[in-house]
Amino acid sequence: MVETKITVVMTAFNAEKYVSEAIESILTQTETNFKFIIVDNGSEDTTSKIIENFAKKDQRISFFQRFGKSTYVDGRGYAIDKVDTEWFAIMDADDISEPTRIERQLEYIEKYGSETSAFGTWGYSINNLGNIVSKIEMGPLTIKEYDTIISKNEAIVPLDPSTVIKKETFLKAGGYRSETAPAADL
């Protein structure tokens, strides 16, 4: 059996309108060898029931339910603690991943994983009908662009729900800091 290299991490709070589509976009990836940790952050709607139904049908999903109010940072931290692969990918409950996302990100890890610890992709903003309304282009594309940004002491901001992170480096950096929420992902 081939070793699983990546875990997708998703948190949800009152996301019943979108969570099914978000989960399906991960479960129907062209790459199928991944783990999927989903944490419900105390939803007051049917979000947890929807996630639970998916978890019953797909063994890649590990579902955890937290009660009481908590932030996405708390939920993600809880999920990341449970990651047992070298890399994890962030997914939001109101986003949709392209079908080749995980496949292409694993290819990048194979090629550059020894040189990098975090990376993301560009994306699109869509409306409630699924129509693209704008393109999101964030982050440096080359090492030279990265070095320039760092030399100016500017923030590097990847598109958060497209980010893949090496767990060991994430923990060494101190992980998310809840006191910086809602911008803890920066």
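Above this text is the structure in question.
Cut-offs applied
- Throughout this document, residue positions are counted from 1 along each chain, in the order its sequence is written.
- With pLDDT at 70 or above as the cut-off, local features in this predicted model cover only qualifying residues; side-chain atom pairs require 80 or more to be listed or tallied, and sums for whole chains, interfaces and linings still use all residues.
- Side-chain figures throughout are based on the complete set of non-hydrogen atoms in the structure, without hydrogens or water.
- Secondary structure elements are defined from DSSP: runs of H or I of at least 4 residues count as helices, runs of E of at least 2 residues count as strands, and each element is numbered from the N terminus.
- Whether two residues touch is decided by their heavy atoms; if any such pair falls within 4.5 Å, the residues are in contact.
- Strands pair, by our definition, only if DSSP identifies at least two bridges between them.
- Among buried residues, the Ala, Val, Leu, Ile, Met, Phe, Trp, Tyr and Cys ones that are joined through side-chain atoms within 4.5 Å form a nonpolar core.
- Whether a residue is buried, partly exposed or exposed follows from its accessible area with a 1.4 Å probe, protein chains only, as a fraction of its type maximum: under 20%, in between, or over 50%, in that order.

Observations regarding the environment of Thr 100
With respect to the element layout, Thr 100 can be found in the loop between strand S4 (87-92) and helix H4 (101-112). Distance in space between the C-alpha atoms of Thr 100 and Ala 12 is 23 Å, their sequence separation being 88 residues. Setting aside chain neighbours within four positions, we find Thr 100 in contact with Gln 29 and Thr 30.

What about the sheet that holds strand S5 (residues 118-119)?
Within the open sheet, the six strands sit side by side as S3-S2-S1-S4-S8-S5. Their pairing is mixed. Only two strands of the sheet have a single partner each, and these edge strands are strand S3 (61-66) and S5. Bridge count for strand S1 (residues 6-12) against S4 is six bridges, and the pairing is parallel. Pairing of Thr 7 across the sheet is with Phe 88, part of S4.

Some thoughts on the nonpolar core
In terms of nonpolar packing, the biggest core is built from 26 residues, with Ile 6, Val 8, Met 10, Val 19, Ile 23 and Phe 36 touching the most fellow members. Looking at this core, the elements with two or more residues in it are S1, helix H1 (19-27), strand S2 (35-41), helix H2 (47-57), S4 and H4. Filtering out sequence-adjacent residues up to four positions away, Ile 23 remains in contact with Met 10, Phe 36, Ile 38, Ile 51, Phe 54 and Ile 61.

Quick look at unusual backbone geometry
Negative phi is the rule for most residues except glycine; trans is the rule for most peptide bonds. Although it is not a glycine, Asn 14 sits at a positive phi angle of roughly 45°. Examined against the element boundaries, Asn 14 turns out to sit in the loop between S1 and H1. Exposure remark for Asn 14: the relative accessible area of 31% places this residue in the partly exposed category. The backbone of Asn 153 sits at a positive phi, close to 60°, despite the residue not being glycine. Structurally, Asn 153 can be placed in the loop between helix H5 (143-151) and strand S8 (164-166).

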